[in-house]
Protein chains: 2
Amino acid sequence: MPQPIAFYFDFISPYAYIASTQIDALADRHGREVDWRPVLLGVTVMRVMGLKPLMETPLKGPYMRHDSPRMAKLFGVPLRHHGLKHLNGLAAARAFLALKQKDAGVAKAFARRIFHRLWVDGLDITPDETIAQEAAAFGADPREMLATITSDAGKQALRDAVDAAVGAGVFGVPFFIVDGEPVWGCDRLWMVEHWLRHGSWDPAGAAAASVP
Amino acid sequence: MPQPIAFYFDFISPYAYIASTQIDALADRHGREVDWRPVLLGVTVMRVMGLKPLMETPLKGPYMRHDSPRMAKLFGVPLRHHGLKHLNGLAAARAFLALKQKDAGVAKAFARRIFHRLWVDGLDITPDETIAQEAAAFGADPREMLATITSDAGKQALRDAVDAAVGAGVFGVPFFIVDGEPVWGCDRLWMVEHWLRHGSWDPAGAAAASVP
C-alpha cells in the first residue's frame, strides 16, 4: 500500500489554494491518497529561513501579484485579489486540525471551503468567530470549536504541526512530499505527476515530452 | 516579426545551466529567437531583494542541493556537483557581453561552453585568466579579452546589464520575458512553451492536459 502524498498548505497562499484544487484529483489518477497538513508561512519563511514576507520582497512581490492570477487561469480555477490586510490563517489551521482528529475527509472539505471563502469570495478568514461559524457547516458545534481554537491545546497542536513540517524540510507552500521526494510549488505539480507515473526522475515517454 | 525571448542567466546557477540547454530549442519550435542576457544573483538576490544567498538559506539550501540533480535528470542533461567555493561569474559575464557586441551567436556558444565547464566538467570559471583563455576558442584574442574584462568599461557594461535586468523586474535565474510576460524558473519552461503555443494563459487543448 503506497503512502499518501503529504500536502502542506497555508490558507493565506494563493498558490496553496490553486494546489488545493488539483492535488486530490491528481493523486486519485494514480490511486493515491492525500494527507493535508497545515503550516504557517510566518514561521517557515520569517522565523526559520530569516526572510521577509514574499509579497513585501522587492521585485518578487510584484511578480507574484502578476503571477498568481495567470496561474489560476492556467489551472482553470477562479481567483480573486482580496486586498485584505493583516490576514492570517491561524484560527482556520487550528480548526482544521481539530476536525482532522475526528475525520480527515471532513477536515479537507472544511479546508476547501476556507480556501474558497478567501480566494473566491474574497472574505476574511482571520477572526476566530468566523472560523467557528464556518466549522459549524461541517458538523462542529461553533461554541466548542471557538473554545478549541483559542485553547492552549488547540494552539499547541498547530505549533506541533508546524514544527513537524519544518523538521520534514518544508519551507514554503504548497509543498508536497511523495515517497520521500520533496516538491515545492504549484508550478511543479507536473513533477508530482511525473513521479507518480514513473517512480523516478528519469525522463520517460509522454512525461518527458511534457517537461519542456 | 515577434520579439526574441529574453533569457536572463547567471553562470553560477545550476537552474540557469539547465535552462540554457533547453531554451533555444524550445523557442525554435515556435519560430522565435532567444536573447541571452547575463545578470548577477549577488546583486538581485542580496542587494536589491535584501535576501541571503539561496544555498545558505535554512531548509531551502538543502532542498536545492537535492533538487538540482533531479531536475537535470528530468531534462536529460548531465550535472556535476562541483563543490567549488567563492565562485563567481563576473569575468565570464563581462566576456559574454564583449563577445555579444560583435556576434550574439558566438557569445551564446561561449556561454554554453562556460556553463559546461562549470556544471559538467566541474572546473572553476572565476579567474579572469581562465575566462580570457576560454574566449580564445571563440575567436577572441586572450590578451585583449583579459584587458576588456578587467577594464572600467568592461565592468560598467555588466553593471548596466544588471541594472537593466533589475529595471525589467528580474530577481532570479533563469528568468524569461516573452511578449512582456515574466517567467521565473527552469521548472516553468512549460509556461514559456504554453505562451508560445497559445499567446495567452487560457488552458487550452493539449497544453492544458500537460499542466497538471
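Residues numbered from 1 in each chain as written. Chains lettered and ligands numbered in written order. Predicted model: local features only at pLDDT ≥ 70, side-chain atom pairs only at ≥ 80, totals over all residues. Heavy atoms only, no water.

Here we look at the interface of chain B and chain A
And then number 1: Counting residues at the interface gives 44 residues for chain B and 44 residues for chain A.
And then number 2: For the pairing of chain B and chain A, the buried interface totals around 4,100 Å² over both sides, and the portion due to carbon and sulfur atoms is 65%.
And then number 3: For the pair chain B and chain A, the interface holds eight salt bridges.
And then number 4: The partner of B:Glu181 in a salt bridge is A:Arg70, with the nearest N and O atoms 2.7 Å apart.
And then number 5: Between chain B and chain A we count 20 residue pairs in polar contact (both at pLDDT 80 or more) in total.
And then number 6: Those elements that place two or more of their residues in the side of chain B that touches chain A are α2 (23–29), α4 (60–74), β4 (181–184) and α10 (189–198) of chain B.
And then number 7: Sorting elements by how many residues they give to the side of chain B that touches chain A places α4(B) first, with eight residues.
And then number 8: The residue makeup of the side of chain B that touches chain A, split by class, is 25 nonpolar, eight polar and 11 charged. (Contact = heavy atoms within 4.5 Å. Buried area = accessible area lost by both parts, 1.4 Å probe. Salt bridge = Lys/Arg side-chain N within 4 Å of Asp/Glu carboxyl O. Polar contact = N/O pair within 3.5 Å; in protein donor to acceptor, adjacent residues only side chain to side chain. Helix = DSSP H or I, 4+ residues; strand = E, 2+ residues; numbered from the N terminus. Nonpolar A, V, L, I, M, F, W, Y, C, P; charged D, E, K, R; others polar.)

Things to note about the relation of the copies chain B and chain A
And then number 1: The two copies are related by a screw operation: chain B maps onto chain A through 180° of rotation and 0.0 Å of translation along the axis, at an RMSD of 0.0 Å. The superposition operator between the copies reduces to a two-fold rotation axis.
And then number 2: By residue overlap, the copies meet face to face through one surface: 100% of the interface positions of chain B are interface positions in chain A. (Least-squares fit on C-alpha atoms with pLDDT ≥ 70 in both.)

Topic: the environment of A:Asp179
Residues and elements named next belong to chain A.
And then number 1: Structurally, the position occupied by Asp179 is in the loop between β3 (175–178) and β4 (181–184).
And then number 2: Here Asp179 falls in the partly exposed class, since its relative accessible area comes to 39%.
And then number 3: Those residues in contact with Asp179 that sit more than four places away from it in its chain are Arg32 and Trp195.
And then number 4: Within the structure, Asp179 has its side chain in polar contact with the side chain of Trp195 (distance 2.8 Å). (Buried < 20%, exposed > 50% of the residue type's maximum accessible area, 1.4 Å probe, protein only.)

Comments concerning the sheet that holds β4(B)
And then number 1: Spatially, four strands are ordered β2-β1-β3-β4 (chain B) in an open sheet, and the strand pairing comes out mixed. The outermost strands of the open sheet, each flanked by one partner alone, are β2 (34–38) and β4 of chain B. Pairwise comparison of adjacent strand axes, ignoring direction, gives a mean angle of 20° for this sheet.
And then number 2: Relative to strand β3 (residues 175–178) of chain B, strand β1 (residues 5–9) of chain B is paired through three bridges, and the arrangement is antiparallel. Directly across from B:Phe7, in β3(B), lies its bridge partner B:Phe176.
And then number 3: Packed on one face of the sheet, helix α4 (residues 60–74) of chain A meets β3 and β4 of chain B and runs near 100° to β4(B).
And then number 4: Running over the sheet, helix α5 (residues 90–102) of chain B touches β1 and β2 of chain B and is turned about 140° from β2(B). (Pairing = 2+ DSSP bridges. Axes fitted to C-alpha atoms, helices over the stretch in contact; angles between N-to-C directions.)

Some thoughts on the packing of aromatic side chains
The relation between two aromatic rings is expressed through the spacing of the ring centres and the mutual angle of the planes.
And then number 1: Counted under the stated rule, the structure contains 36 aromatic pairs over all chains.
And then number 2: Taking 5.3 Å as the distance between ring centres and 85° as the angle between the ring planes, the aromatic pair formed by B:Phe9 and B:Phe96 counts as edge-to-face. Taken together, the residues B:Phe9 in strand β1 and B:Phe96 in helix α5 connect sequence positions 87 residues apart.
And then number 3: Taking the relative accessible area as the measure of exposure, B:Phe9 reaches 0% and is therefore buried.
And then number 4: A relative accessible area of 1% means that B:Phe96 is categorised as buried.
And then number 5: Between B:Phe110 and B:Phe138, the ring centres sit 5.9 Å apart and the planes meet at 85°, which makes this aromatic pair edge-to-face. Of the two residues, B:Phe110 is situated in helix α6 (residues 104–119) and B:Phe138 in the loop between α7 (128–136) and α8 (142–149); the sequence distance between them amounts to 28 residues.
And then number 6: For B:Phe110, a relative accessible area of 0% gives the class buried.
And then number 7: A relative accessible area of 24% means that B:Phe138 is categorised as partly exposed.
And then number 8: Cluster of aromatic residues (ring-pair linked, three or more members): A:Phe7, A:Phe9, A:Phe11, A:Tyr17, A:Trp36, A:Phe96, A:Phe115 and A:Phe176. (Phe/Tyr/Trp six-rings, centres within 6.5 Å; stacked < 30°, edge-to-face > 60°.)

Things to note about unusual backbone geometry
Residue and element names in this part refer to chain A.
And then number 1: Following Val173, the chain continues to Pro174 via a peptide bond in cis, the omega torsion being -10°.
And then number 2: One non-glycine residue, His86, lies in positive phi territory at about 55°.
And then number 3: By secondary structure assignment, the location of His86 is in the loop between α4 and α5 (90–102).
And then number 4: Even without being a glycine, Asp179 presents a positive backbone phi close to 50°.

Re the confidence of the model for chain A
All names here are of chain A.
And then number 1: Here chain A shows a mean pLDDT of 92. Residues at 70 or above account for 95%.
And then number 2: The low-confidence segment residues 205–212, where pLDDT is below 50, has 17 contacts with residues more than four positions distant or belonging to other chains.
And then number 3: Reported for the predicted complex are a pTM of 0.91 and an ipTM of 0.88. (pLDDT = per-residue confidence, 0-100.)

Concerning the packing of α5(A) against helix α8 (residues 142–149) of chain A
Residues and elements named next belong to chain A.
And then number 1: Taken N-terminus to C-terminus, the directions of α5 and α8 make an angle of 115°; their axes are 9 Å apart at the nearest point. By the angle class used here, α5 and α8 are roughly perpendicular. When the axes of α5 and α8 are compared, the crossing they make is right-handed. Of the residues in α8, those touching α5 at Ala91, Arg94, Ala95, Ala98 and Leu99 are Met145, Thr148 and Ile149. (Parallel < 35°, antiparallel > 145°, perpendicular 65-115°, else oblique. Left-handed = near helix turned anticlockwise from the far one by under 90°.)

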